Amino acid sequence: MMGKGSELSRDGDWSVLRVWGEVDLSWSQDVRKQVLDAYTKAKSLAVQLDGVSYIDSSGIAALVEGFQHARAKGGRFALLAPSESVRAVLELARLDRVFPIFSDLAAARAA
Amino acid sequence: MSAPPLLRMEFAARAESLAEVRAAVHRALLTLTLDARDVARIVLAIDEACANVIRHAYRDCNDGRIELRIERRRERLRFRLRDHAPAVDPGCLKPRDLSECRPGGLGINIIDETMDHWRQRPLKRHCGNVLTMLRRLQVRNK
């Protein structure tokens, strides 16, 4: 897994968006679009973040929009396995208490 | 005579510059006795400051320049960002209430949480703004 990128897949009634690399202002708008587009495939979205080595506030904003979309439309939103650097930024923004965070999709489904 | 800066760089005010800036700041901070978590926090704060200049001062117009200078002054680090964009009202730069869950506006909070002191001011005689941020080198509880 090189550079940065994302990949959308479907797992039952969930969309899973796997993101990797550094999420900064240079492509966070693309991530935001992918997050919102994912809801056209399924009502619930899990964003897998174990491969994200860096995220800034613009990347966090894309996740907040995804979370708010799910709440508004009656779907579910989850973050899967955020890396240590992602967790640090979530804690700094106090969003670790807001986002549902799970180790994997099975845990998100079971919650 | 003051010590030479830890880093002095000038770069294009565009989002594509940010990875290079982060790498340069990271390298400069590795010469100090900071732990990895502190280094990561400072790199993030500098990235957020640069992103704010790109988005809000230059308004994503891509042809501006930003100068970054990092100096060690005794037990403090001083970060100075200089742009040539139209003046930005310092009163607009305030941390927001983090209990509100909404996208955007977190950059100033990150700077505020990471730095001991920061100040942004428009230049009086020239076009542009200067953001100065100070951070103690010793272990902090913030």
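Given the structure is predicted, the values throughout are model-derived calculations rather than measurements.

(A) Highlighting the nonpolar core. With 66 residues, the main nonpolar core has A:Val47, B:Ile46, B:Ala49, B:Cys50 and B:Val53 as its most contacted residues. Residue contributions to this core peak at 11 residues, all from helix α2 (residues 36-57) of chain B.

(B) Spotlight on the interface of chain A and chain B. Across the contact, 18 residues belong to chain A and 20 residues belong to chain B. Of all the elements in the fold, those that place two or more residues in the side of chain A that touches chain B are α2 (57-73) and α3 (84-92) of chain A. Here the residues of the side of chain A that touches chain B are counted per class, giving 9 nonpolar, 4 polar and 5 charged.

(C) The packing of helix α1 (residues 28-38) of chain A against α2(A), seen in detail. Residues and elements named next belong to chain A. Between α1 and α2, the shortest axis-to-axis distance is 8 Å and the interhelical angle comes to 15°. As far as their axial angle goes, α2 and α1 are roughly parallel. Considering how the two elements wind past one another, α1 and α2 form a crossing that is right-handed. Contacts between α1 and α2 pair Ser28, Val31, Arg32, Val35 and Leu36 from the former with Ser58, Gly59, Ala62, Glu65, Gly66 and His69 from the latter. Considering only residue class, the contact of α1 with α2 consists of 4 nonpolar, 5 polar and 2 charged.

How each quantity is defined
- Residues numbered from 1 in each chain as written.
- Chains lettered and ligands numbered in written order.
- Predicted model: local features only at pLDDT ≥ 70, side-chain atom pairs only at ≥ 80, totals over all residues.
- Core = buried A, V, L, I, M, F, W, Y, C linked by C-beta atoms within 7 Å.
- Buried ≥ 20, exposed ≤ 12 C-beta atoms within 10 Å, placed from the backbone.
- Helix = DSSP H or I, 4+ residues; strand = E, 2+ residues; numbered from the N terminus.
- Contact = placed C-beta atoms within 7 Å.
- Nonpolar A, V, L, I, M, F, W, Y, C, P; charged D, E, K, R; others polar.
- Axes fitted to C-alpha atoms, helices over the stretch in contact; angles between N-to-C directions.
- Parallel < 35°, antiparallel > 145°, perpendicular 65-115°, else oblique.
- Left-handed = near helix turned anticlockwise from the far one by under 90°.

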